[in-house]
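Single-letter residue listing:
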2 protein chains.
Amino acid sequence: MLDYKLLAALAAVVEQAGFERAAQVLGLSQSAVSQRIKLLEARVGQPVLVRAVPPAPTEIGRRLLNHVQQVRLLERDIQAQVPGLDEGGLPERLRIALNADSLATWWAGAVGAFCTEQRLLLDLVVEDQEVGLKRMRAGDVAACVCASERPVAGARAVLLGAMRYRAMASPGFIARNFPTGVTAQALAHAPAIVFGPDDLLQHRYLSGLGVEGGFAHHLCPSSEGFIRLAQAGFGWGLIPELQVQGEIARGELVELISDRPIDVPLYWHHWRNGGELLNQLTHHLTQAAGHSLVDLRK
Amino acid sequence: MLDYKLLAALAAVVEQAGFERAAQVLGLSQSAVSQRIKLLEARVGQPVLVRAVPPAPTEIGRRLLNHVQQVRLLERDIQAQVPGLDEGGLPERLRIALNADSLATWWAGAVGAFCTEQRLLLDLVVEDQEVGLKRMRAGDVAACVCASERPVAGARAVLLGAMRYRAMASPGFIARNFPTGVTAQALAHAPAIVFGPDDLLQHRYLSGLGVEGGFAHHLCPSSEGFIRLAQAGFGWGLIPELQVQGEIARGELVELISDRPIDVPLYWHHWRNGGELLNQLTHHLTQAAGHSLVDLRK
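- If you check an unreviewed UniProt entry, chain A appears there as HTH-type transcriptional regulator ArgP from Pseudomonas peli.
- Recorded in UniProt for chain A, the comment headed Sequence similarities (unreviewed entry) runs: "Belongs to the LysR transcriptional regulatory family."

## Concerning the UniProt feature "domain: HTH lysR-type" (unreviewed entry) in chain A
- UniProt tags residues 2–58 of chain A as "domain: HTH lysR-type" (unreviewed entry).
- Taken end to end, residues 2–58 of chain A is 61% helix and 7% strand, and its first and last C-alpha atoms sit 19 Å apart.

## Thoughts on helix 13 (residues 276–288) of chain A
Residues and elements named next belong to chain A.
- With 13 residues, helix 13 extends 18 Å from end C-alpha to end C-alpha; this agrees with the ideal 18 Å at 1.5 Å per step.
- The complete set of buried residues in helix 13 reads L277, L278, L281, T282, L285 and A288. Buried residues of helix 13, seen end-on, are gathered within an arc of 140° and therefore sit on one face of the element. When the buried face of helix 13 is taken as reference, the exposed residues oriented beyond 90 degrees from it are H283 and Q287.

## Some words on the pairing of strand 9 (residues 237–240) of chain A
All names here are of chain A.
- With burial as the criterion, each face of strand 9 is covered, one bearing G237 and I239 and the other bearing L238 and P240.
- Two strands pair when backbone bridges link them, and strand 6 (residues 155–169) and strand 9 are joined in this way by four bridges, in the antiparallel orientation. Note on strand 9: the bridge partner recorded for M168 is G237.

## Looking at empty space enclosed by the protein
Residue and element names in this part refer to chain B.
- Applying the stated criterion across every chain yields a total of one cavity of 30 Å³ or more.
- Taken as a whole, the largest cavity holds about 40 Å³ of empty space.
- Taken together, L159, L160, G161, V294, D295, L296 and R297 form the lining of the largest cavity.
- For the lining of the largest cavity, a count of residues per class yields four nonpolar, one polar and two charged.

## Considerations on the interface of chain A and chain B
- Of the residues lining the interface, 48 residues belong to chain A; the matching set on chain B comes to 48 residues.
- Both faces combined, the contact of chain A with chain B buries some 3500 Å², and carbon together with sulfur accounts for 65% of it.
- In this structure, the connection of chain A to chain B is made through zero salt bridges.
- Of all elements in the fold, only helix 5 (100–104), helix 6 (107–117), strand 4 (120–126), strand 8 (217–219) and helix 11 (223–231) of chain A reach the threshold of two or more residues within the side of chain A that touches chain B.
- For the side of chain A that touches chain B, a count of residues per class yields 27 nonpolar, 14 polar and seven charged.

## Topic: unusual backbone geometry
- Omega for the bond connecting V53(A) with P54(A) falls within 30 degrees of zero, at -10°, which places this linkage in the cis form.
- Here P54(A) shows up in the loop between strand 1 (49–50) and strand 2 (56–57).
- The residue R119(A) is not glycine, and still its phi comes out positive at about 50°.
- Along the chain, R119(A) falls in the loop between helix 6 and strand 4.
- Positive phi outside glycine occurs at D259(B), with the angle close to 50°.
- Locating D259(B) in the fold gives a position in the loop between strand 10 (254–255) and strand 11 (262–271).

## A look at the packing of aromatic side chains
- Per the stated rule, a full pass over the model turns up eight aromatic pairs over all chains.
- Seen from their ring centres, Y205(A) and W236(A) are 5.8 Å apart, and the 45° between their planes marks the pair as tilted. Of the two residues, Y205(A) is situated in helix 10 (residues 201–208) and W236(A) in the loop between helix 11 and strand 9; the sequence distance between them amounts to 31 residues.
- Centroid distance W106(B) to W107(B): 5.9 Å. Interplanar angle 70°. Geometry classified as edge-to-face. Both residues of the pair, W106(B) and W107(B), count as buried.
- A connected cluster of aromatic rings, assembled from ring pairs, spans W106(A), W107(A) and W268(A).

## What to know about the domain arrangement of chain A
- In terms of domain boundaries, chain A breaks down into domain 1 (1–90) and domain 2 (163–263).
- Look at where the C-alpha atoms of domain 1 of chain A and domain 2 of chain A centre, and you get two points 45 Å apart.

## Focus: the relation of the copies chain A and chain B
- For the match of chain A to chain B, the screw axis carries a shift of 0.0 Å, the RMSD comes to 0.0 Å, and the turn is 180°. Such a combination of rotation and displacement between the chain copies is what one expects of a two-fold axis. In terms of C-alpha distance to the rotation axis, chain A has E224(A) as its closest residue, with the C-alpha 3.0 Å off the axis.
- A share of 100% of interface residues in chain A that are also interface residues in chain B marks the association as one of identical surfaces.

## Details of the pattern of salt bridges
- Inspection of the entire model under this criterion finds 22 salt bridges over all chains.
- Of the charged contacts in the structure, one is a salt bridge between R164(A) and D263(A), with a shortest N-O distance of 2.8 Å. With R164(A) in strand 6 and D263(A) in strand 11 (residues 262–271), this pair connects stretches of sequence that are 99 residues apart.
- When the shortest N-O distance is used, the salt bridge between R250(B) and E252(B) registers 2.8 Å.
- Looking at E252(B), the relative accessible area reads 28%, which means it is partly exposed.
- A single salt-bridge network, built from bridges that share partners, covers R166(A), E241(A), E255(A) and D259(A).

## A short note on helix 11 of chain A
All names here are of chain A.
- The buried fraction of helix 11 is high, at eight of nine residues.
- Every buried residue of helix 11 is accounted for by S223, E224, G225, F226, I227, R228, L229 and A230.
- Just downstream of helix 11, G233 is the residue with a positive phi angle, here 85°.

Conventions used here
- Residues numbered from 1 in each chain as written.
- Chains lettered and ligands numbered in written order.
- Predicted model: local features only at pLDDT ≥ 70, side-chain atom pairs only at ≥ 80, totals over all residues.
- Heavy atoms only, no water.
- UniProt positions renumbered as here; feature names shortened; annotations may be inferred.
- Helix = DSSP H or I, 4+ residues; strand = E, 2+ residues; numbered from the N terminus.
- Expected span 1.5 Å × (residues − 1).
- Buried < 20%, exposed > 50% of the residue type's maximum accessible area, 1.4 Å probe, protein only.
- Arc of directions from axis to C-beta.
- Pairing = 2+ DSSP bridges.
- 1 Å grid on protein atoms, 1.4 Å probe; cavity = no way out; pocket = protein on both sides within 12 Å on 5 of 7 lines; lining within 4 Å.
- Points joined across faces, edges and corners; volume = space filled by probe spheres on them.
- Nonpolar A, V, L, I, M, F, W, Y, C, P; charged D, E, K, R; others polar.
- Contact = heavy atoms within 4.5 Å.
- Buried area = accessible area lost by both parts, 1.4 Å probe.
- Salt bridge = Lys/Arg side-chain N within 4 Å of Asp/Glu carboxyl O.
- Phe/Tyr/Trp six-rings, centres within 6.5 Å; stacked < 30°, edge-to-face > 60°.
- Domains from an automatic or database assignment.
- Least-squares fit on C-alpha atoms with pLDDT ≥ 70 in both.

So, in structure tokens, the structure goes:
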């Protein structure tokens, strides 16, 4: 077994944002906390903390933290069965990777009540659709929302529904770039907006119109910024319908070619043995996400 | 001098999202483009491209790319004076780091018309306030918007104005956590939302109320997601007033303690010899940002 005294010290320093407060929470002296961290680093063979204000975990530190969080979730179950075991009462933390567009739209509404009720704190990590799974495989997160169906070993994947994207731009942009209507060729020469290197939605849209290869584009790795750029006439891009209902209604964003959406399925990946709380969250999420996402089975 | 044939090949492969299309644009065979990249890698002593679909620059590749972009900006000036020099007509690219909250609010409106007019494509990099400068120092971006006043060597910093943040939460969260009013002590025990390890606004707010040390918090590195979490009652946090005027008007978000804002100054850092286009952008930006940001000199 690992030495959880050391791991708990690491978790406390990060969660309490400092050695002093970590020592208070753990009921130890500050130098005892320091020593535990140093001992942990000696065992691991590398630093687990960047000594900044507040202290931040190194990559290996983050993996250890996630492990502690998962162990705590499991402990929660056994504590519910054997209540005398309970020592603490600090809220649980769960580290979850999800795509920026989910975080900008349906995520908070779907899990807010659950997290509040269960006193669950979230460490959210934003990753483009396909990257979250790599984080799971690396043991860096307990669960992730991503577009890929295939679970990593030891995990399960559940279909939540799909995000519906539409290729949109401002009316000014459309008038300027497509005076005679939106054709595939004109679109290939108008600037696009791309979220980042993993965002191939614009490529897919063009490819569906028979246009292959590169195209001029702005890079904007922010969900909200992407919409602001589109609104300000920088370019066209695929935007979650959910996120711009107001802009569509007010005519600030217009679909380029009528009713030509791309549906991106979203799966909830979670560890099989992640404990009862993760199972409950999964159960809750599969119900709640359905209210916002498109049902692909229809 | 560097061999710009090799650097142009790198830029073309990244900007055109593939070797085939880069070859078309450069008027070369695909194998000639490949050879140029390999030669560049041999000189640099490490890979400049990750061979994925689309190809992505490595860290060193990104620095080289930014250098090419800056050289192109300078070329633009000399071409304007000596028009016969012009070879191409591809739009210019400029790599700029800015904080997520600026990108989610005033940035697009302030520079949209300028970029469209100048056919300028932006590679935006999202960094929390204090980190953008590190990118400048590393030569990774041509300009950045950040909270720090002091320019790096060779650069200038101009005050654009300030983002006004207010500590806000949903009415439900306030009723649940502060039934008898918002006191410093109650606030220290209610869950907060923090953008990331560099976001110390919540710490500053608590510190201003005499509360020091750590506190329970969700981590949410997304500007829009942060607001969605606050709206859904996950926690309280400092939110740009600009971004939630609708939510405030509709009573979906409420300031915790009346009229207790934190103003974060924003500076535009740009290379002194970044060329005429960067100077024009700077001139334009210092005017346009003032419409959205708070004037600190008043």
